[in-house]
Amino acid sequence: MIKNYLKVAFRNLLRDKVFSAINIFGLALGIASFLLITKYISFEKSYESFIPDRENIYRVSLDQFENGELRTSSAENYPGVGPAFADEFPEVESFVRLYNMGYKNNVVITYQDAPGGPINFKHRSFMYADSAFLPLFGYPLVSGDALTALAEPNKAAISESYAKRYFGDEPALGKMLRLQDDDFNDELVEVTAVFEDLPDNTHLKFDVLFSYKTLYSRFQQAPQRYGTTWGRKDMYIYVKLRPDADIGALVSQFPAVIEKYNPGLAENNREDKLALQRLEDIHLYSALADEPEANGDYRVVNFLQIIAAFILLIAWVNYINLSTSKAMERAGEVGVRKVMGAFKSQLIRQFLAESAIVNFCAIVLAAGIIALVLPQFNQLADMAMTITGLLEVWFVALIVAIWAGGTLLSGMYPAFVLSSFKPVVVLKGKLRTKGNSALLRKALVVFQFAACVALIAGTLVIYEQLNYMKSSDLGMNIEQVLVVERPGVSSRDRAQFTASVDAFRNSVAEHPSIQSLSGSITIPGKKREYKVGIRRYEQSPEAAVTLRFNSMDYDFVETFGMNMLAGREFSPEYPNDGDTSVILSESAVAQLGFESNEEALGKTIAIDAFRWNPIIVGVVNDYHQEGLHKPTDPIIFYNTLYSIEFYSMKIDVNNIQETISHVEASWEKAFPGNPFQYFFLDDFFNRQYNNEEKFGNIFGVFAILAIVVGGLGLFALSAFTAEQRTKEIGVRKVLGSSVSQILLLLIKSFVTLLLIANIIAWPITWFLMDGWLEKFAYRIDLNVLTFLLSGLVVLVFAIITISYQTLKAARVAPVRSLRYE
C-alpha cells in the first residue's frame, strides 16, 4: 500500500513539473534559511558549552558608586575577592583570578634558542591565571598536567598553534620563553603545558597563560598587591559553587563581606556592589566595562529566531496555498477514487505521502543550497561552520523534525480539503471552491505579505541606525588617523626611553605626508574606562562627580580636529602643565557646576584619589570616546608626553604605503626588538558596531530570501487564479474590456491583500524596532516613510510577480477562452 502511495505521488508531482518545482524550490529556500539561522543562533547560545560543570561557574562583577552615582559597572574586580569568598562562603568550592594584562599592555614573547635565530611575536591574547584555572575550566591539554602547570612562578601554558609557531614539531614542554612587556618586565618562563586551541564559542580568548605567581616575583609588595588587596580593580574573578548553593542567599551576604574586607567606603561617600554572572550568560547578557571581548546581544538572537520562523512558515504557507488552489484539478481524481471504494483515510494518507515526498525533496535540495552558500554565510555571520558540523545529532534530529512537521503542517489541511470532496458533485462537474478555502488562502497570503513587509521594514531601520552611527559627528575627526601601540619592549632607563620616544616622534615628523602626531593613554573606540572622582577645590568630598580620565599631549587637539572652546591647549611654553594643569570637556564643566566655560578657567579642582589639585587651563568640545550605544562622557585631560599607550598620526592617504613604510622604519630604529603593528582609527572605532552590522547583513539577506520564497508562491497562485478566471476574462473581452482593464482587475485582489498586510505589519514592526533602538543612547527616530517604502517594495515585487501570468491570461483570444461554452 505504501509503495502504491509513493508511486501515485511521484506521478502527480511529475504531471505538473512547474508547480512541483516551485513547491520544492520554495520549501528548500525556506528550510535552508531556517537551518542556517538556527545554526547561527545555536552557536551564539553555545558559548562555554564545552566547559565541564559550567552551570556552577560564575563571574563576580563589580559596580562602584560615588556620592550615590554609578561610576562604573565592570567585569573586572579586586584580587582579594576570590580569597575572601573562599574563606567566607562554604558554597564556594574554588576560585580563580585572571589578570587580563594583554588587554592593557603590549608583550613581546621570544624563543631565543630557535635554530634559525630568535622568534618573537607581539602578544595581546594572553593572561595571568591562578593554578586552579586549567582544572576548573577543564580545557583539554595536549601535554602537561593541568593541576601543576601554573602552580609555580615563571611557568606558562600555550596553545597548540602557538607551540607550532615557536617550536615547530619539537616538544614544547621544558622550553624557555623570554617575556618582555611595557612595564619594563623582562623574565624567562618555562612552558609546562600545551592546551588545545580554544573554540570560537568562548568569551575568554587567549593563546598564552602565565602562572599568576609570576606576578609575585616582580617586587616586594607583589603578593599583597596581586593576592589579597581590595585596592586595585583589574582582575577577573570566577568562582565555582556547590550544585546545591542558594544563589539568592549567597548574594545577600556580599555587603557584609565588602564591609569586612574593604571598610571605610561609606566614609568616603563610596559604595561597592558585587554580583554573580552565570558563565553561560556572559556572552549574550553582559555588556560591562572591561569585558575580555565585545559580547553578543540576546535581543539580536531573539530577532533572528523570529526571522527563521517567519521564513519557514512562509515556505509552508506556500505549499498549503498552492495545494488547496490546485484542488479543482484533483477533484475528478478524488471522485473516481471514492466511486472505486477509496476511504477518506486512504485519500488523506495519499495526499500526506505527496507532502512527505515534496518536503523530503526540499530538504535534500536545502542541504545542497547550504553546502553551496556555506562559505558566504560564514563570512556574513563571522563563523567557521563546516559541513561536518551540520551532522551533529541535534541538527540531524531538527532536520527530521522539520520533515515530519512540514509533512503534517503543510500537508494535513490540503489532504482534508481534497479528501472531503463528494463524488456525486464532482463527477457532475458542479464542484465549486468553498468560501472557507478561499478565505484561508487569502489569510495565508496576507500572512506572507505581512511577514515580508515586516522584514523589509526591520532591515531598513537597522541600516538607517547603522548609517546614523557611522556618519554622526563624533566631536573629533578619526579619518586618516594611523595608530601604533606603544612598544612592548623598552628600556628600564627612563632617560633612554624618553630619548627613544623623542627620536620616533622626530623621525616620523620628517615625512611630508604626516601632518601631526599625538600620544595618549587611550583612543576613541577603546572601551577601557579610567574614571575618577573630581570636585571643585572649595567643595566638600561629598560633592565630587565622576569624570573619565584621559591624557593629552601638545598635538592632541590638532591631530583629532577638536575645538578649544575656552582657554588654551597644553604647550611646551608651559613646562609645568603636567604637574599643575588640566583641560576639561564641555560637559565636565557643566558637571562641576560652572555656569560657563570661561568661568571654569583658572579654577582649582581636587582629585582626592591622587591627592592632586590642578588648575583648569582650557575647555574642549565633547566627543564620543565609545560608540553611540552610550552617551558622551564628561572628560578630564592631564598632560603627559611619555606615559602613553597609543601614537596617533594624521596622514595624507594619497601616498599611504610609503608613509606606513616610513613609520615602520622610524619605529624599528627607535624601538628595536618590537614588532611593528598598526591600524586605522576609523576601522578600530567602527568595530564597536560589528554586532549591528552583522545583524543587519543577516537580517537583510534573509528578508530578501523571504520575499523570494513568498514570490514563488505568489507566482504560482497568480497563475492558478488567472486560469480559474479564464472564461470570465473571455466574456469581459467580448464585452469590450481592454487588456489593461483586465490586468487591473486581476491585480486588484492581490493589492487589497497587500494593503491589509501592511496595516497588520506596520504597527507590530514599529513596536519591535522601537524596542531594539532603545539600547542606543543616540538613535534615529522611526520614520513613517521607512514603513511606506517597505510596503512599496513588496507591492512592486508582487505586481511584477503577478503581472506575467495575469498579462498572459488577459491576452488570450476570447474564442480560445470560450470555445467549450
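**Details of the packing of aromatic side chains**
Counted according to the given criterion, the structure contains 44 aromatic pairs. An angle of 85° between the planes, with centres 5.6 Å apart, marks the rings of Phe 504 and Trp 667 as edge-to-face. With a gap of 163 residues between them, Phe 504 in helix α17 (residues 494-509) and Trp 667 in helix α22 (residues 656-670) connect regions that are remote in the sequence. The exposure classification of Phe 504 matches that of Trp 667, with both residues buried. An angle of 50° between the planes, with centres 4.8 Å apart, marks the rings of Phe 556 and Phe 560 as tilted. The exposure class assigned to Phe 556 is buried, which follows from its relative accessible area of 1%. In this structure Phe 560 comes out as buried when scored by relative accessible area, which is 1%. Among the aromatic residues, those joined into a cluster by ring pairs are Phe 50, Phe 133, Phe 137, Tyr 139, Phe 195, Phe 206 and Tyr 238. The aromatic ring of Phe 167 is capped on one face by Lys 175, whose charged end is 5.8 Å from the ring centroid.

**Side note on unusual backbone geometry**
Non-glycine residue Glu 48 carries a positive phi angle of around 70°. Within the element layout of this structure, Glu 48 appears in the loop between α2 (17-45) and β1 (57-66). We classify Glu 48 as buried; its relative accessible area is 1%. Despite not being glycine, Gln 480 has its phi angle at roughly 60°, a positive value. Checked against the element boundaries, Gln 480 lands in the loop between α16 (435-471) and β14 (481-485).

**Side note on the sheet that holds strand β23 (residues 646-651)**
Backbone hydrogen bonds hold the strands of a sheet together, and the pairing may be parallel or antiparallel. With antiparallel pairing, the four strands of this open sheet are ordered in space as β15-β23-β14-β24. In this open sheet, the two strands that pair with only one neighbour each are β15 (514-520) and β24 (678-680). Across the sheet, the mean angle separating the axes of adjacent strands is 25° when strand polarity is ignored. Two elements, β14 and β23, share five bridges in a ladder whose sense is antiparallel. Considered in β23, the bridge of Val 484 is made with Tyr 647. The strands that α17 touches are β15 and β23; relative to β15, the one it contacts most, it runs at about 155°. In the packing of α22 onto the sheet, the strands contacted are β14, β15, β23 and β24, and the crossing angle to β14 comes to about 25°.

**Quick notes on the nonpolar core**
The tendency in soluble globular proteins is for nonpolar side chains to be buried side by side. Ranked by internal contacts, the top residues of the largest apolar core, which has 110 residues, are Leu 304, Phe 449, Phe 637 and Trp 772. Core analysis: the next-biggest nonpolar cluster, separate from the first, contains 47 residues, Phe 89, Val 92, Tyr 111 and Val 189 among them.

**So, the pairing of strand β6 (residues 126-129)**
Side chains Phe 126 and Tyr 128 project from β6 onto one buried face, and the interleaved Met 127 and Ala 129 project onto a second face that is buried too. Relative to β6, strand β3 (residues 92-99) is paired through two bridges, and the arrangement is antiparallel. Bridging from a neighbouring strand, Tyr 99 pairs with Tyr 128 of β6. The sheet contact formed by β6 and strand β11 (residues 208-211) spans four bridges and is parallel.

**Concerning the sheet that holds strand β21 (residues 615-620)**
Pairing in this open sheet of seven strands is mixed, and the strands run β18-β21-β19-β22-β17-β16-β20 from one edge to the other. At either margin of the open sheet sits one strand with a lone partner, and together these are β18 (564-567) and β20 (605-606). Across five bridges, strand β17 (residues 545-552) lies against strand β22 (residues 635-639) in parallel orientation. The residue of β22 that forms the bridge with Met 552 is Asn 639.

**Thoughts on α22**
Between its first and last C-alpha atoms α22 spans 21 Å; for 15 residues at 1.5 Å apiece the expected length is 21 Å, and the two agree. Considered for burial, the residues of α22 that qualify are Thr 659, Ile 660, His 662, Val 663, Ser 666, Trp 667 and Ala 670. The buried residues of α22 all sit within an arc of 160° when viewed along its axis, so they share a single face. Opposite the packed face of α22, turned more than 90 degrees from it, sit the exposed residues Gln 657 and Lys 669. Where α22 is buried, its residues meet β14, α17, β15, β23 and β24.

**Comments concerning the pattern of salt bridges**
Tallied over the entire structure, the rule returns 26 salt bridges. Among the salt bridges present, the one from Asp 244 reaches Arg 242, with a minimum N-O distance of 3.0 Å. You can call Asp 244 exposed: its relative accessible area is 56%. On the basis of relative accessible area, Arg 242 is assigned to the partly exposed category, the value being 31%. Through salt bridges that share partners, Arg 54, Arg 278, Glu 280 and Asp 281 make up one connected network.

**A few points about the side chain of Glu 48**
In this structure Glu 48 is buried but unpaired, with Lys 205 as the nearest side chain of opposite charge at 7.1 Å. Among the polar contacts made by the side chain of Glu 48, one reaches the side chain of Thr 202 at a distance of 2.9 Å.

**Some thoughts on the environment of Lys 260**
Within the element layout of this structure, Lys 260 appears in helix α9 (residues 254-261). A sequence separation of 176 residues divides Lys 260 from Ala 84, and the C-alpha atoms of the two residues are 9.6 Å apart.

**Structural notes on the packing of helix α3 (residues 81-88) against α9**
In the contact formed by α3 and α9, the axes pass within 11 Å of each other and the chain directions differ by 115°. Both α3 and α9 take part in a crossing whose hand is right-handed. Facing Ala 84, Phe 85, Asp 87 and Glu 88 of α3, the residues of α9 in contact are Phe 254, Val 257, Lys 260 and Tyr 261. Here the contact of α3 with α9 is composed, by residue class, of five nonpolar, no polar and three charged.

Thresholds, definitions, all that
Residues numbered from 1 in each chain as written. Predicted model: local features only at pLDDT ≥ 70, side-chain atom pairs only at ≥ 80, totals over all residues. Heavy atoms only, no water. Phe/Tyr/Trp six-rings, centres within 6.5 Å; stacked < 30°, edge-to-face > 60°. Helix = DSSP H or I, 4+ residues; strand = E, 2+ residues; numbered from the N terminus. Buried < 20%, exposed > 50% of the residue type's maximum accessible area, 1.4 Å probe, protein only. Lys NZ or Arg CZ within 6 Å of the ring centre and 35° of its normal. Pairing = 2+ DSSP bridges. Axes fitted to C-alpha atoms, helices over the stretch in contact; angles between N-to-C directions. Contact = heavy atoms within 4.5 Å. Core = buried A, V, L, I, M, F, W, Y, C linked by side-chain atoms within 4.5 Å. Expected span 1.5 Å × (residues − 1). Arc of directions from axis to C-beta. Salt bridge = Lys/Arg side-chain N within 4 Å of Asp/Glu carboxyl O. Lys, Arg positive; Asp, Glu negative; His and termini not counted. Polar contact = N/O pair within 3.5 Å; in protein donor to acceptor, adjacent residues only side chain to side chain. Left-handed = near helix turned anticlockwise from the far one by under 90°. Nonpolar A, V, L, I, M, F, W, Y, C, P; charged D, E, K, R; others polar.

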